[in-house]
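The residues making up each chain are set out below.
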Amino acid sequence: MSIALAGVIGDPVSHSLSPFLHNAAFEHLGIAARYERWHTSSAELPARIASLRAPHVLGANVTLPHKIAVVPLLDRLDPQAAQIGAVNTIVRLPDGQLEGGNTDAPATIVTLREDAGFDPAGKRVVILGASGAARAAAYALIAVRISALTVINRTLERAEELLADVLASSDDDPHLRALTPDDPDVPETIGAADVIINATSLGWRPDETPLPGHMIPATALVFDMVYQPTRLLREAAKAGASTLDGRGMLVRQAALSFERWTGVPAPLAVMFAAFDRARTVAV
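Residues numbered from 1 in each chain as written. Predicted model: local features only at pLDDT ≥ 70, side-chain atom pairs only at ≥ 80, totals over all residues. Heavy atoms only, no water.

Structural notes on the pairing of strand 11 (residues 221-224)
Here is step 1: Here strand 11 shows two buried faces, one formed by Leu221 and Phe223 and the other by Val222 and Asp224.
Here is step 2: Sheet analysis places strand 10 (residues 195-198) next to strand 11, joined by four bridges and oriented parallel. The residue bridging asparagine 198 from the neighbouring strand is aspartate 224, located in strand 11.
Here is step 3: Strand direction decides the pairing type here: strand 11 and strand 12 (residues 242-244), joined by three bridges, are parallel. Residue valine 222 lies in a different strand from strand 12, and its bridge partner there is threonine 243.
Here is step 4: Tracing the backbone out of strand 11, into helix 8 (residues 231-238) and back to the parallel element strand 12 gives a crossover that is right-handed. (Buried < 20%, exposed > 50% of the residue type's maximum accessible area, 1.4 Å probe, protein only. Helix = DSSP H or I, 4+ residues; strand = E, 2+ residues; numbered from the N terminus. Pairing = 2+ DSSP bridges. Right-handed = clockwise from strand over helix to strand, strands pointing away.)

If you want it as structure tokens, here you go:
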């Protein structure tokens, strides 16, 4: 019996716990498939995407730094991914074409609501970074009618482009701002935020943080998409803020990707349990 393949494409990917989630789900459901880590540099990205057209491939997840760069390499995007301008899920269609989707967006909202008990509607949001994950979060949050969104990014143009793109895809018009970390308005903006979301890669190393601890308000929810203990969350807890890590985000986006590849409901409890076991070993 042939084995179908799926995997995660990124640089780096050696830290990824996604194989544990998907392989547990495949085994639980008796699906003859395997999920792998596919380390891929920017130069290797076109060849990697072309390899997904092979008949035994189900598709792939895409992580940093390729969620935006992968878009022109695909045959089509689903409507949501087209509006977001970033892809985290690629599905190989029966005719060999590759369709890009984005499961980060719905996973963001469900994770905030179910894991933190936080309804973002009407709230003031700050997103740190202008990555593909930031785009998905901004799109999803605007769709649930937040009152204000500020994107803080080292490159102002990327933050402005993100806001222009997600606003163009929405009928809502919250108050939008793009700032750089050294803008004098940053402390006041952070202090007034109801939720602060880290969508950068800062946090994978223990000493890194995208935000000085003294700026974190005790009244905010700090949501770090990094799914390991981070300095940002430690300092947020010390400041008295509520905290949320990337556990639920990772598992839920993975479950939605799994369903697109297989056409069957993902065993969410199995995937959460696999994540918890894997993270315990990794930490």
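Still more ground to cover, so stick around.
Considerations on the pattern of salt bridges
Any two side chains of opposite charge can pair, given that their charged atoms come close.
Here is step 1: The full count for this structure, using the stated rule, is 15 salt bridges.
Here is step 2: Ionic pairing is found between aspartate 119 and arginine 113, a salt bridge with its closest N-O pair at 3.8 Å.
Here is step 3: Judged by its relative accessible area of 40%, aspartate 119 is partly exposed.
Here is step 4: Exposure remark for arginine 113: the relative accessible area of 42% places this residue in the partly exposed category.
Here is step 5: A salt bridge links arginine 231 to glutamate 235, with the shortest nitrogen-to-oxygen separation between them at 2.9 Å. Here arginine 231 pairs with glutamate 235, and both are found in helix 8, just four residues apart, close to one helical turn.
Here is step 6: A relative accessible area of 31% places arginine 231 in the partly exposed class.
Here is step 7: Relative accessible area serves as the criterion here: at 22%, glutamate 235 is assigned to the partly exposed category.
Here is step 8: Bridged by salt links that share partners, the residues Glu114, Asp115 and Arg252 form one connected network. (Salt bridge = Lys/Arg side-chain N within 4 Å of Asp/Glu carboxyl O.)

Distances and angles like these do not, on their own, reveal function.
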